[in-house]
Structure formats: C-alpha cells, structure tokens
Amino acid sequence: MNPIELTTLILGEDSQIKTALSVIMEFVGEKVQQANFDVWQQQVDDSQHLLAVLLIMPNSKNHLVSLLSDIAQFDPTLPVMLAGDNSHASELTDEDLKQVVGRLVEPYKYHHLMQVLHHCQVCRKDKHAFITSKRTTKVFRSLVGQSKGIAKVRYLIEQVAPTESSVLILGESGTGKEVVARNLHYLSDRAEKPFVPLNCGAIPAELLESELFGHEKGAFTGAITARQGRFELAQGGTLFLDEIGDMPIPMQVKLLRVLQERTFERVGGNKTINADVRIIAATHRDLDIAVEEGKFREDLYYRLNVFPIEVSPLRERKDDLPLLVSELTTRLEKEGRGAVRFTANAMLSLTRHQWQGNVRELANLVERVSILYPFGVVDVNELPRKYRHDEGMEEDVAPDLALSLLSEELTSTVQLSNDYQLPASGVDLKEYLTGLETSFIEQALEENNWVVARAAEKLGMRRTTLVEKMKKYQINKETLPT
C-alpha cells in the first residue's frame, strides 16, 4: 500500500492569495486543500489527515481570535501557521497563540518554510503520512552532480562511449561504477544490444570459467544441459566485468586470450565462437599495486586499461549532496512512495559525514528516512545517530505547542507519588515540570554511569542539549547525594 500524505489546509477568503500559497506549498512537496473561513469545518471531516492549518490573516483581530478558537475546539493539537499581515498577532495573548508554530512572511524562503513544516511535523508526532511502503529502491542510474569530479566523468563517457575501446572504471565500492558502465553502453552504438554484468568476486573460482564462456552437456558433474555463458549472452553488446581485481590468475590468462583473439570455446566443447563483445571492467582495488605483487597479470591490465575512468568518492564531492538527495527522493516519489525533504541543518550534517559507502550508502539512508518519515521534513535529530554531526549548530527549539502537548502526555502517564499530589491551593506547573525534567535527567545519567551521550540518547535529545541543561540546572555527579 502507498503512504497517505497528510494535507495542509489553507484557510482564507482571498482566492488569489490561497492559490499563490497553494502553488508554493505544492512546489516544496506538500499536499494542500483550500477552504474559506465560514465553511472550512464542513469541508474537513476530521483532523486525522491534516498536517497543519495555514491561516491567512483576516482583517480584524476579533476575527483572528475567533478562528484560532474554532481551530482549538476542532483539534487542540493541530498546528497553525500564520501567513499575511501579522499586525494583529502582536495584540494576541499567549493563550490565543498556543497552537501557532510559525509565521510565513513574504518573501517566502525555502529553508524557513522547511523549518516551519518540520515544527508542524513534530507536533504531529513526527508523522507526515500514514502508511510506509515496503518496496525496494530501484537502481540509481543517473550521474548527478556539478562537482569537477563528476563533470569529468561525464565528459570522459561522452568521449569514449561511441568507440570500441575497452574501459577500466576505478573507484571505491558504492561510487557508482556500474552506473558509469551502463551509461557507456547506452551512449554507444551497441545500445540496442544486451548489457550483461558479472561480478567476478561473487562467483567461486571453479565456476567462473563456465559462467563466462558457458559449458556443454556433460562437461563436468552437474552439467546436465548445455548452457550459454556471459560472452554469448552479451553478443553484439557490452560485457561488464565488475570487481575484475578479484579474478583468479588462471582465469585472467583465459580472459586475456579471448581479448587477444576475439574467440572462445565453451567448457567441454571444441566449437570456436566469435566474441563480438565490448569489455568494460571495474574494480575498487589498486591494480598497479596488484601487478607489482603478482596478483594481477600485467598484460591483462594493459589490455583492459585502454581508457581509465576514475569515479571520485562522495566525500570528495560533497557539493553534489543536495542534487543527489533530490534525485533519490524524486525517484522514490515516482515509485509512489513517501519522498522526504531535509532541513538546512540536516543537509549540513550530511555534508560532514565521511560516506565510506559512498552513493550507495546515501541511497540507503534516503530510503530509510523515507520509510520513517514519508512525505516528511527531516531535521538533524531525525537522522540516524551516525549521521548526526551537529557540533556548532544552533539548536532548533521545539514549538510551544509541541512542548505543551508533551507536558500533558507526561502528566497523564507519569505515576506521581503522594508527595506530588496536586494540593488544594494549586501548583506552579512550570516549576513542577522543571523538577520533573531535572529528575529524569539525573535518572538517565545515573543509569548510564554518567556517560552523557548515552543519557542523551535515552532522553531523546542531543548530547549538546543535555550538557546545556546540566549547566542550567547545575547537575553534576558531585552534587548528587550518594
């Protein structure tokens, strides 16, 4: 089943303003619904499918107060964004504005809009959709980016694709070597013929010859029928030999013979077959060193290394991250899945990551967060822990509505002792919640042997946030009673 995206209700009387705001919200990926002030409750069955209300400011303060009161009665947990003339807002009380999580002022800025939408999402318990999809991501095909490294790769592909030259693609695992190989094939004169990949490191040495050249019936135990190999399957097209550096030396000798003579025989056969195949190879290994160490034949290396293309690791082309993320989320969206967006802080955090798994790792991350927050806006705190590099960032403070909802939830779920029963004379709720927060922080620190990072994880906050709260409440190991 596809995820059901939450809707932003745009509430106002001026149809032109509503349409303009709808265009902006849809442009950034939001689903919207328009309604007038007087009939909106008849048009909305319930608030379950709403992310927020985008309220265009009416002409009078009393009308604004009335509308905010109606929204509060309809759903006291529903976030409200104010747009338009904010002059009346300064006259409202905190109680009037308790559900307002952000104000949109022209000219509208993308990063500010993403942050306000994220605040709405926080108030909706980090939900931007109902159902997550279980489909797998399609192979990432594009060579996206504007960095010098990827621009050079595209240029080299354009130059060598129309030729028959062998190409050796070099780069770390996950950089997209097969993507380069497929682009070489699609831009060549062989594009209408097969593209046949083979991972040389994934096939046992004793089976690799049969996998490449095929075998005749009875050629070995278990060969109950004749079978074509990858060279035959790729006739007229392209054979992509991935991880060529893992090919055993005896197999390298046989491959070299095929490249020299352009013919081969099946295992157990004597019929000569012409090899009308273009070879593209790839490896993450340094073949120069492998040749020196005797692990790769020098003559085969020079046969394959006619035209080398080196694909840069993602950590060397971090300027391409926003474009890559955009491409990946667009592909998820085309699959009918919950594409996500990232706040400026989240994107900054991603640029600080080292990306040992390169583009494949990034694709996995985007798919993972799209499952957790379909159609949502992901902030740095929603990223998996290993991708949070938030040192020096200004922390985004949760909106008052989210905090008040959390306070209500805590009050309803925490079992109070007799000492904390509400006295007849009342209680200072702010002071009580401060005491409750302090108690939870102390408990988390104690349970985790005062390892701040672990305590912060248990409390669902950043380590830097916990450190600031410890300073604020003067909490340290020495001050606690033993």
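All values reported here derive from a predicted model rather than from experimental measurement.

Asker: Whenever I open this one, the state of the cysteines confuses me. Can you help?
Answerer: Note: disulfide means a covalent bond formed between the sulfur atoms of two cysteine side chains. Under the counting rule described, the total for this entry stands at 0 disulfides. Among the cysteines around Cys120, which has no disulfide bond, Cys123 carries the closest sulfur, lying 6.6 Å off. On the basis of relative accessible area, Cys120 is assigned to the buried category, the value being 0%.

Asker: Which parts of the structure should I look at to understand the environment of Lys469?
Answerer: Within the fold, Lys469 resides in helix 18 (residues 463–472). When the C-alpha positions of Lys469 and Ile441 are compared, they lie 8.7 Å apart, and in sequence the two are 28 residues distant. Discounting chain neighbours no more than four positions away, the residues touching Lys469 are Glu437, Ile441 and Met461. At 2.9 Å, the side chain of Lys469 and the side chain of Glu437 are in polar contact.

Asker: Looking at this structure, I do not really get the side chain of Ser47. What am I missing?
Answerer: On the secondary structure map, Ser47 appears in the loop between helix 2 (40–43) and strand 3 (50–56). Only 2.5 Å separates the side chain of Ser47 from the side chain of Asp75, close enough to count as a polar contact. Other than its neighbours up to four places away in sequence, Ser47 contacts Phe74, Asp75 and Arg124.

Asker: I keep staring at the sheet that holds strand 8 (residues 238–242) and nothing clicks. Help me out?
Answerer: Remark on secondary structure: sheet strands pair via backbone hydrogen bonds, oriented parallel or antiparallel. One open sheet accounts for 5 strands, arranged 7-8-11-6-12; its pairing is parallel. Each edge of the sheet is formed by a strand with only one pairing partner; in this case those strands are strand 7 (195–199) and strand 12 (307–310). Strand-to-strand twist of the sheet, defined as the mean angle between neighbouring strand axes without regard to direction, takes the value 20°. Summarising the sheet, strand 6 (residues 167–170) and strand 11 (residues 278–283) pair through 4 bridges and their orientation is parallel. Its bridge partner being in strand 11, Ile169 is matched across the sheet by Ala282.

Asker: Sorry if this is basic, but what is going on with the sheet that holds strand 4 (residues 80–83) here?
Answerer: Read from one edge of the open sheet, 5 strands run 2-1-3-4-5, paired in parallel fashion. Only two strands of the sheet have a single neighbouring strand rather than two, namely strand 2 (31–35) and strand 5 (100–104). Adjacent strand axes in the sheet meet at a mean angle of 25° when their direction is disregarded. Here strand 4 pairs with strand 5 via 4 bridges, running parallel.

Asker: Quick question: what am I supposed to make of the packing of helix 7 (residues 205–213) against helix 9 (residues 249–261) here?
Answerer: Packed helix pairs are characterised by how far apart their axes lie and by the angle those axes make with each other. Between helix 7 and helix 9, the shortest axis-to-axis distance is 10 Å and the interhelical angle comes to 15°. Of the possible angle classes, the one that applies to helix 7 and helix 9 is roughly parallel. The interaxial crossing formed by helix 7 with helix 9 has right-handed handedness. Residues Leu208, Glu209, Leu212 and Phe213 of helix 7 lie in contact with helix 9, whose contacting residues are Met251, Lys254 and Val258. The residue makeup of the contact of helix 7 with helix 9, split by class, is 5 nonpolar, no polar and 2 charged.

Asker: Got a minute to help me understand the pairing of strand 3 in this structure?
Answerer: Side-chain positions along a regular strand alternate between the two faces of the sheet. Among the 7 residues that make up strand 3, 7 are buried, leaving the element largely enclosed by the rest of the structure. By the bridge criterion, 5 bridges tie strand 1 (residues 7–11) to strand 3 in an arrangement that is parallel. Directly across from Thr8, in strand 3, lies its bridge partner Ala52. Here strand 3 pairs with strand 4 via 4 bridges, running parallel. The residue bridging Val53 from the neighbouring strand is Val80, located in strand 4. Crossover connection from strand 3 via helix 3 (residues 61–74) to parallel strand 4: handedness right-handed.

Asker: I'm lost on the packing of helix 16 (residues 429–447) against helix 18 in this one. Help?
Answerer: Interaxial distance between helix 16 and helix 18 falls to 11 Å at its minimum, and their mutual angle equals 120°. Taken together, the axis directions place helix 16 and helix 18 in an arrangement best described as oblique. The element helix 16 and its partner helix 18 pack so that their crossing is left-handed. Here Glu437, Ile441 and Leu445 of helix 16 lie close against helix 18, whose contacting residues are Leu466, Lys469 and Met470.

Asker: Help me out: how do you make sense of unusual backbone geometry in this one?
Answerer: The general pattern is negative phi for most residues beyond glycine and trans for most peptide bonds. A cis amide bond links Glu106 with the next residue in sequence, Pro107, at an omega value of -5°. Even without being glycine, Glu243 reaches a positive phi, approximately 50°. Residue placement: Glu243 occurs in the loop between strand 8 and helix 9. A residue is classified by how much of its surface remains accessible, and Glu243, at 10% relative accessible area, is buried. The residue Trp450 is not glycine, and still its phi comes out positive at about 65°. Mapped onto the elements of the fold, Trp450 is located in the loop between helix 16 and helix 17 (452–459). On the basis of relative accessibility, which here comes to 15%, the residue Trp450 falls in the buried class.

Asker: What is the right way to look at the pattern of salt bridges in this model?
Answerer: Note that side chains of opposite charge can pair when their charged atoms are close. For the structure on display, the rule yields 23 salt bridges. With a shortest N-O distance of 2.4 Å, Glu172 and Arg315 are connected by a salt bridge. Note that Glu172 is positioned in the loop between strand 6 and helix 6 (177–186) and Arg315 in the loop between strand 12 and helix 12 (321–334), a separation of 143 residues in sequence. According to the relative accessible area criterion, Glu172 is partly exposed, its value standing at 26%. Classification of Arg315 as partly exposed rests on a relative accessible area of 26%. Here Arg227 and Glu211 are joined by a salt bridge, their closest N and O atoms 3.4 Å apart. With Arg227 in the loop between helix 7 and helix 8 (230–233) and Glu211 in helix 7, the pair connects residues that are 16 residues apart, well separated along the chain. One continuous salt-bridge network, built from bridges that share partners, spans Glu164, Arg190 and Asp276.

What counts, and at which threshold
Residues numbered from 1 in each chain as written. Predicted model: local features only at pLDDT ≥ 70, side-chain atom pairs only at ≥ 80, totals over all residues. Heavy atoms only, no water. Disulfide = S-S within 2.5 Å. Buried < 20%, exposed > 50% of the residue type's maximum accessible area, 1.4 Å probe, protein only. Helix = DSSP H or I, 4+ residues; strand = E, 2+ residues; numbered from the N terminus. Contact = heavy atoms within 4.5 Å. Polar contact = N/O pair within 3.5 Å; in protein donor to acceptor, adjacent residues only side chain to side chain. Pairing = 2+ DSSP bridges. Axes fitted to C-alpha atoms, helices over the stretch in contact; angles between N-to-C directions. Parallel < 35°, antiparallel > 145°, perpendicular 65-115°, else oblique. Left-handed = near helix turned anticlockwise from the far one by under 90°. Nonpolar A, V, L, I, M, F, W, Y, C, P; charged D, E, K, R; others polar. Right-handed = clockwise from strand over helix to strand, strands pointing away. Salt bridge = Lys/Arg side-chain N within 4 Å of Asp/Glu carboxyl O.

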